[in-house]
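Letter by letter, the chains look like this.
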Amino acid sequence: MYMGRLITVLFFVMTFSLYAQVSKTEKRIVSAVDAHHSEALKLLEEVVNINSGSMNFEGVKKVGMIFKLKLDALGFTTKWVDGKSWGRSGHLIAEHKGKGKTLLLVGHLDTVFELASPFQQFEMVNDSTMKGPGVGDMKGGDVVIIQAMQALKDAGVLKDMNIIIVMTGDEELSGRPLNLARKDLIDAARVADIALGFEDGDGNPKTAVVARRSSSG
Ligand SMILES: [Zn+2]
């Protein structure tokens, strides 16, 4: 989660212009990130210990409900979209209306570790490294989103921001038909000016991945 904090700070640096002198607002944001650090670790432990393999619909929803409550408390309008029509658990969608550009923040709730997997629990390897199913991919990223929104709120800048958060429940094993499974994410992308994904990138907190090649069948 040390990495998580760095990524959270990186997110703000990117949002509030790199290399500019650190403003009072940015200082408030950074201290808010620090103030909620152990709370974020606890949240990560809690969600990692809930199995949310893509086919464990109940577990995926349970993780979604935990993030939903956090976002409700931060003033987002949230909804759970049931995934019955595409054969998966569903998606969490949260919206915050403000002014200016619309940011889309993308996460996912599911992992590749189904109930049958022996890998189920959170564990600290040492004082700064944790291990657990979905810590990096990508419950850690989801927690960074929550922590970032908390810091913006604490710093008094969230109220003016236009933000949509979509955490899908079927990233690792997409539901079918795809046009239904991806409809909510695509709809959000259409109205967004900037989209940021919170999966781990290349492991270097100084960089952001801006494109990626892949193939699928
Ligand atoms: Zn992922």
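You'll find the structure just up there.
Let me sum up the structure you'll find in this document. Because the structure is a prediction, the values reported are computed rather than measured.

### Considering the overall build of the chain
(1) Moving on: From N to C terminus, the chain includes seven helices and seven strands.
(2) Moving on: Starting at the N terminus, the α and β elements of the chain follow one another as α-α-α-α-β-β-β-β-β-α-β-α-α-β.
(3) Moving on: Taking all 217 residues of the chain together, the buried fraction comes to 46%.
(4) Moving on: By sequence separation, contacts in the chain at least 24 residues apart represent 72% of the contacts at least 6 residues apart.
(5) Moving on: A total accessible area of about 11600 Å² is found for the chain, and carbon and sulfur atoms account for 56% of it.

### Quick look at the coordination of the zinc ion
(1) Moving on: Protein-derived coordination of the zinc ion comes from H108 (NE2), D137 (OD) and E199 (OE), at a distance range of 1.7 to 2.1 Å.
(2) Moving on: All donors of the zinc ion come from a single chain, and their spacing in sequence reads H-x28-D-x61-E. Here H108 is found in strand β3 (residues 99-108), whereas its partner D137 is found in helix α5 (residues 135-154), with 29 residues between them in sequence.
(3) Moving on: Exposure remark for H108: the relative accessible area of 2% places this residue in the buried category.

### Examining the packing of aromatic side chains
Remark: the centre distance and the inter-plane angle together describe each pair of aromatic rings, the angle taken between the planes.
(1) Moving on: According to the stated counting rule, one finds one aromatic pair in the structure shown.
(2) Moving on: Measuring from centroid to centroid gives 5.0 Å for F113 and F119, while their planes differ by 80 degrees, and the two rings are edge-to-face.
(3) Moving on: Classification of F113 as partly exposed rests on a relative accessible area of 25%.
(4) Moving on: What makes F119 partly exposed here is its relative accessible area of 27%.

### Overview of the packing of helix α3 (residues 37-48) against α5
(1) Moving on: Close contact between α3 and α5 brings their axes to 10 Å; oriented N to C, the two are set at 140 degrees. In terms of axis orientation, α3 runs oblique to α5. By crossing handedness, the relation of α3 to α5 is classed as right-handed. Of the residues in α5, those touching α3 at H37, A40, L43, L44, V47 and V48 are V135, K139, G140, V143, I146 and Q147.
(2) Moving on: Class assignment for the residues of the contact of α3 with α5 results in eight nonpolar, three polar and one charged.

### Brief notes about the packing of helix α4 (residues 57-73) against α5
(1) Moving on: Where α4 meets α5, the closest approach of the two axes is 10 Å, and the angle between their N-to-C directions is 10 degrees. The orientation of α4 relative to α5 falls into the category roughly parallel. In this structure, α4 contributes V63, F67, K70, L71 and A73 to the contact, and α5 contributes K139, D142, V143, I146, M149 and K153.

### Quick look at unusual backbone geometry
(1) Moving on: Across the junction of D137 and M138, the peptide omega takes the value -10 degrees, indicating a cis bond.
(2) Moving on: Of note, M138 is situated in helix α5.
(3) Moving on: That bond from R176 to P177 is cis: its omega, 0 degrees, falls within 30 degrees of zero.
(4) Moving on: Assignment of secondary structure puts P177 in the loop between β6 (161-168) and α6 (178-181).

### Looking at helix α7 (residues 183-191)
(1) Moving on: Three or more residues of α7 are buried, namely D184, L185 and A188. Along the long axis of α7, the arc covered by the buried residues comes to 100 degrees, so they all point the same way.
(2) Moving on: Against the buried residues of α7 lie β1 (77-82), β2 (90-96), β3 and β6.

### Section: the nonpolar core
(1) Moving on: In terms of nonpolar packing, the biggest core is built from 43 residues, with F67, L71, F76, L105, M149, I163 and I165 touching the most fellow members.
(2) Moving on: Of all elements in the fold, only α2 (24-35), α3, α4, β2, β3, α5 and β6 reach the threshold of two or more residues within this core.
(3) Moving on: In contact with L71, not counting residues within four places along its chain, are F76, T78, L92, A94, I146, M149 and I165.
(4) Moving on: Counting ten residues, the second-largest nonpolar core is a separate cluster that includes W86, I164, L185 and A192.

### Topic: α5
(1) Moving on: Extensive coverage of α5 is indicated by the burial of 16 of its 20 residues.
(2) Moving on: Just past α5, the residue G156 takes up positive phi, approximately 80 degrees.

Calculation rules
Residues numbered from 1 in each chain as written. Predicted model: local features only at pLDDT ≥ 70, side-chain atom pairs only at ≥ 80, totals over all residues. Heavy atoms only, no water. Helix = DSSP H or I, 4+ residues; strand = E, 2+ residues; numbered from the N terminus. Buried < 20%, exposed > 50% of the residue type's maximum accessible area, 1.4 Å probe, protein only. Contact = heavy atoms within 4.5 Å. Areas by Shrake-Rupley, 256 points an atom, 1.4 Å probe, with all protein chains shown as cover. Donors = N, O, S within 2.8 Å, 3.2 Å for Na, K, Ca; no water. Phe/Tyr/Trp six-rings, centres within 6.5 Å; stacked < 30°, edge-to-face > 60°. Axes fitted to C-alpha atoms, helices over the stretch in contact; angles between N-to-C directions. Parallel < 35°, antiparallel > 145°, perpendicular 65-115°, else oblique. Left-handed = near helix turned anticlockwise from the far one by under 90°. Nonpolar A, V, L, I, M, F, W, Y, C, P; charged D, E, K, R; others polar. Arc of directions from axis to C-beta. Core = buried A, V, L, I, M, F, W, Y, C linked by side-chain atoms within 4.5 Å.

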